[in-house]
2 protein chains.
Amino acid sequence: MHWRTALRASDAAAVLSLVRDTGFFSAAEEQVAVELVDETLSRGRDSGYEFLFADMPDQPGKLQGYTCYGLIPATESSFDLYWIAVSPAHQGRGLGAELMRESERLAYAAGARKMYADTSGREQYAPTRAFYERMGYTKAAVLKDFFAPADDKVIYARRLGPAVGFLQP
Amino acid sequence: MHWRTALRASDAAAVLSLVRDTGFFSAAEEQVAVELVDETLSRGRDSGYEFLFADMPDQPGKLQGYTCYGLIPATESSFDLYWIAVSPAHQGRGLGAELMRESERLAYAAGARKMYADTSGREQYAPTRAFYERMGYTKAAVLKDFFAPADDKVIYARRLGPAVGFLQP
């Protein structure tokens, strides 16, 4: 396992392949995931998106998991975890938790004092919500029927401190 | 008074002048207001932003007020009122309420079933919050310290129906 924050041109295809493999996201969501990579490849840091990749040095085009996060515009120190995904072959071994903690640590070092993560209230997202709760996130708000009728938006939040990371504590 | 939804090249400068005149927004916020106009001038409807302007036919470069709203990406029928501003010379005569109701009517016709409006919990925004409440909006969520310490994000929401507009009921 190898952690990497620098983007490569091959990451657009690698992210698409990863989020597709999860079988979890819609085609429109897959498109958004790739757009965030493309925008950052072309604009650099100005995009406002930061990435953390877990991959293997000998398999450069394949990702085991990744996160995309960044400062929420117009806020002083609130960050959003825009994406977190782990490939099916690497799920169930704590990689999601490691990605999350390491992203929080990097975000904190970049000035983040709060991390937000939005998800859906639908049944399909029960494991996602349980994951955030295990990771110390609390439900900050529920917006009823936000995405569609009977599809609420659930906003999770966690206050970050200096000891959030555990990869390099 | 004249209502207009089509953008003109002069609107970038007119919006900047209007939001500046209110004395209410930061330089960064003014910049965002202009960017939404510029992006829509260059990309057209693909920008996802809709505008409603109140101006006078004989004063083409001057706005009395305006709104900017649009479908929230990844939602079926939730819209966000990104901006609403009335020039100081025209405040206190119900123009804000008219702009709001007409924007809701146009949004409903474009498929909106919910309108969201985000604002701040700071004292400076008490009149803004009171305005949304008078207009039938309810507090859907409060995200503590979202913008900065002691600066909460307050999310207002209103369910839209066929009779929301009153300009052309």
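Here the residue index of a chain counts from 1 through its sequence in written order. Written order decides the labels, with chains lettered from A and ligands numbered from 1. In view of the model being predicted, local features appear only for residues whose pLDDT reaches at least 70, and side-chain atom pairs are presented and counted only at 80 or more, with totals across whole chains, interfaces and linings using the full set of residues. As a convention, hydrogens and water are excluded, and side-chain values are obtained from all of the structure's heavy atoms.

### Side note on helix α1 (residues 11-22) of chain B
For an α-helix, 3.6 residues make a turn, and residues three or four places apart therefore share a direction.
Residue and element names in this part refer to chain B.
Here comes step 1: By the criteria applied, helices consist of DSSP H or I runs no shorter than four residues and strands consist of E runs no shorter than two, each listed in order from the N terminus. Helix span, as expected, comes to 1.5 Å for every residue beyond the first. Counted at 1.5 Å a residue, the expected span for α1 with its 12 residues is 16 Å, and the 16 Å between its end C-alpha atoms agrees.
Here comes step 2: A 1.4 Å probe rolled over the protein chains alone gives each residue an accessible area, and that area as a share of the maximum for its type sets the label: buried under 20%, exposed over 50%, partly exposed in between. Of the positions making up α1, those classed as buried are Asp11, Ala12, Ala14, Val15, Leu18, Val19 and Thr22. Along the long axis of α1, the arc covered by the buried residues comes to 165 degrees, so they all point the same way. Turned more than 90 degrees off the buried face of α1, the exposed positions are Ala13 and Arg20.
Here comes step 3: Where α1 terminates, the next one or two residues include glycine 23, which has phi positive at roughly 65 degrees. Picture the helix axis, draw a direction to every C-beta atom, and the arc is the one those directions span.

### Some details on the interface of chain A and chain B
Here comes step 1: The interface is formed by 19 residues belonging to chain A together with 19 residues belonging to chain B.
Here comes step 2: Here the quantity called buried area is the accessible surface, traced with a 1.4 Å probe, that two parts lose on coming together, added over both. For the pairing of chain A and chain B, the buried interface totals around 1400 Å² over both sides, and the portion due to carbon and sulfur atoms is 57%.
Here comes step 3: By definition here, a salt bridge exists when the distance from a side-chain nitrogen of Lys or Arg to a carboxyl oxygen of Asp or Glu is within 4 Å. Taken together, chain A and chain B are joined by two salt bridges.
Here comes step 4: We note a salt bridge from arginine 159 of chain B to aspartate 145 of chain A, for which the minimum N-O separation is 3.3 Å. Contacts are assigned to residue pairs with any non-hydrogen atoms lying within 4.5 Å of each other.

### Some thoughts on the packing of aromatic side chains
All names here are of chain A.
Here comes step 1: Only Phe, Tyr and Trp rings take part, Trp by its six-membered ring, and two of them pair if their centres are within 6.5 Å. Stacked means planes under 30 degrees apart, edge-to-face means over 60, and tilted covers everything else. What the rule picks out here adds up to 26 aromatic pairs over all chains.
Here comes step 2: Relative to tyrosine 156, the ring of tyrosine 132 lies with its centre 5.6 Å away and its plane at 45 degrees, an arrangement referred to as tilted. Placement of tyrosine 132 in helix α4 (residues 126-134) and of tyrosine 156 in strand β7 (residues 151-159) is noted, with a sequence separation of 24 residues between them.
Here comes step 3: Within the aromatic cluster, the residues linked to one another by ring pairs are Phe24, Phe25, Trp83 and Tyr125.

### Comments concerning the pattern of salt bridges
Here comes step 1: Evaluation of the coordinates by the stated rule reveals 26 salt bridges over all chains.
Here comes step 2: Between aspartate 11 of chain A and arginine 4 of chain A there is a salt bridge, with the nearest N and O atoms lying 3.0 Å from each other. In terms of burial, aspartate 11 of chain A and arginine 4 of chain A fall into one category: buried.
Here comes step 3: The partner of arginine 8 of chain B in a salt bridge is aspartate 55 of chain B, and the shortest N-O contact between them spans 3.8 Å. Of the two residues, arginine 8 of chain B sits in the loop between β1 (2-4) and α1 while aspartate 55 of chain B sits in strand β2 (residues 50-55), which places them 47 residues apart along the sequence.
Here comes step 4: By relative accessible area, aspartate 55 of chain B is classed as buried at 1%.
Here comes step 5: Salt bridges sharing partners connect three or more residues here, namely Arg4, Arg8, Asp11 and Asp55 of chain A.

### Let's talk about the sheet that holds strand β1 (residues 2-4) of chain A
The strands making up a sheet associate through backbone hydrogen bonding, with each pair oriented either parallel or antiparallel.
All names here are of chain A.
Here comes step 1: Pairing between strands is defined by DSSP: at least two bridges between them are needed. With mixed pairing, the seven strands of this open sheet are ordered in space as β1-β2-β3-β4-β5-β7-β6. In this open sheet, the two strands that pair with only one neighbour each are β1 and β6 (138-148). Ignoring which end each strand starts from, the neighbouring axes of this sheet average 25 degrees apart.
Here comes step 2: Axis definition: a line fitted to C-alpha atoms, over the contacting stretch in the case of helices. Angles run 0 to 180 degrees between N-to-C directions. Contacts from helix α2 (residues 27-43) reach β2 (50-56), β3 (59-71) and β4 (78-86), with the element oriented near 115 degrees to β4.
Here comes step 3: In the packing of α4 onto the sheet, contacts are made with β4, β5 (114-120), β6 and β7, and the angle to β5 comes to roughly 160 degrees.

### Regarding α2 of chain A
Residue and element names in this part refer to chain A.
Here comes step 1: Given a rise of 1.5 Å per residue, 17 residues ought to cover 24 Å, and the 24 Å separating the end C-alpha atoms of α2 matches this to within 8%.
Here comes step 2: Considered for burial, the residues of α2 that qualify are Glu30, Ala33, Val34, Leu36, Val37 and Thr40. Buried residues of α2, seen end-on, are gathered within an arc of 145 degrees and therefore sit on one face of the element. Exposed and facing more than 90 degrees away from the buried side of α2 are Ala27, Ala28 and Ser42.
Here comes step 3: On its buried side, α2 packs onto α1 (11-21), β2, β3 and β4.
Here comes step 4: Where α2 ends, the next residue or the one after it, glycine 44, has phi of about 70 degrees, a positive value.

### Section: the relation of the copies chain A and chain B
Here comes step 1: At an RMSD of 0.0 Å, chain A and chain B line up after a rotation of 180 degrees and a shift of 0.0 Å along the axis. Expressed as an axis order, the relation between the two copies is that of a two-fold axis. Considering only C-alpha atoms, the part of chain A nearest the rotation axis is alanine 141 of chain A, at 2.8 Å.
Here comes step 2: Interface overlap between copies is the fraction of interface residues in one copy that are interface residues in the other; for chain A against chain B it reaches 100%, indicating a shared surface. In this comparison the copies share one frame, found by least squares on the C-alpha atoms of residues holding pLDDT of at least 70 in both.

### With respect to the sheet that holds strand β5 (residues 114-120) of chain B
Residues and elements named next belong to chain B.
Here comes step 1: The strand order across the open sheet formed by seven strands is β1-β2-β3-β4-β5-β7-β6, and the pairing between neighbours is mixed. Where the open sheet ends on each side, the last strands, each with one partner, are β1 and β6 (138-148). The sheet shows a mean angle of 25 degrees between the axes of neighbouring strands, taken without regard to direction.
Here comes step 2: Alignment of β1 against β2, held across three bridges, turns out to be antiparallel. When the sheet's bridge partners are listed, tryptophan 3 is paired in β2 with alanine 54.
Here comes step 3: Running at roughly 105 degrees to strand β3 (residues 63-71), α1 makes contact with β1, β2, β3 and β4 (78-86) of the sheet.

Any functional reading would require information that these geometric values do not contain.
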